[in-house]
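# Commentary on secondary and tertiary structure
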Amino acid sequence: MPDVYPWLYRELAEPILGVAYRHSGIFLTPIDFRCWAEHKMKGVPRIAVPIEAVPPDLSVVTDVWDGERRRWRISPEVVSRLGAYWDEQTVDTWFGYHPDRLFWFVPQVAVYAERLPVRAEWVED
């Protein structure tokens, strides 16, 4: 899909970060599927990146609520606030609502750092 990453950047991050597109992002989710009794993502291996490792000046948290795209710079407060909206039932309703855009509606973190080094202790089976 040519030009999908510049388009995603313009849609998700540029309004908050305010700088032109340089490269594609690293996409994370603040949703911890392992906390829920049942979910198709529950048993999937994951890399649990601590929020402190995500550069706030290069990262945007986004979701869609009441049909409106919302965007913020990442912070512990923003992630906590999203947890109040996005309970298990709401995520189940909107996760994968469009099969080609699994995380389009639910909270996701777009990190536009050139790299995000992964530490071995973050990897969970």
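Let us look at the structure shown here. (Residues numbered from 1 in each chain as written. Predicted model: local features only at pLDDT ≥ 70, side-chain atom pairs only at ≥ 80, totals over all residues. Heavy atoms only, no water.)

### Side note on the nonpolar core
Membership of the largest hydrophobic core comes to 15 residues, with the highest contact counts inside it found for Ile31, Phe33, Val61, Val91, Val106 and Val109. At the level of secondary structure, the elements contributing two or more residues to this core comprise helix H3 (76-85) and strand E5 (108-111). Apart from the residues within four sequence positions on either side, valine 106 is in contact with Ile31, Thr62, Asp63, Trp86, Val91, Trp94 and Phe95. One finds Tyr9, Val60, Ala110 and Tyr112 within the second-largest nonpolar core, a separate group that totals six residues. (Core = buried A, V, L, I, M, F, W, Y, C linked by side-chain atoms within 4.5 Å. Buried < 20%, exposed > 50% of the residue type's maximum accessible area, 1.4 Å probe, protein only. Helix = DSSP H or I, 4+ residues; strand = E, 2+ residues; numbered from the N terminus. Contact = heavy atoms within 4.5 Å.)

### A word on helix H1 (residues 4-12)
Residues Leu8, Tyr9 and Leu12 constitute the buried set of H1. Across the axial projection of H1, the buried residues extend over an arc of 100°, all falling on one side. Tucked inside the fold, the buried residues of H1 contact helix H2 (14-17), strand E1 (26-28), strand E3 (59-65), strand E4 (68-73) and E5. (Arc of directions from axis to C-beta.)

### Comments concerning the pairing of E4
Across six bridges, the pairing between E3 and E4 is antiparallel. Along E4, the bridge assignment pairs valine 61 with tryptophan 72. (Pairing = 2+ DSSP bridges.)

### Some words on the sheet that holds E1
Judged by pairing direction, the sheet is antiparallel, and its four strands sit side by side in the order E1-E5-E3-E4 without closing on themselves. Strand pairing shows two members of the sheet lacking a second neighbour, E1 and E4, which therefore form its edges. Pairwise comparison of adjacent strand axes, ignoring direction, gives a mean angle of 25° for this sheet. Pairing of E1 with E5 involves three bridges; the strand directions are antiparallel. Bridge assignment links leucine 28 to a residue of E5, and that residue is valine 109. The sheet strands contacting H1 are E1, E3, E4 and E5, and the helix crosses E4 at an angle near 85°. Of the strands in this sheet, E3 and E4 touch H3, which is tilted by about 150° from E4. (Axes fitted to C-alpha atoms, helices over the stretch in contact; angles between N-to-C directions.)

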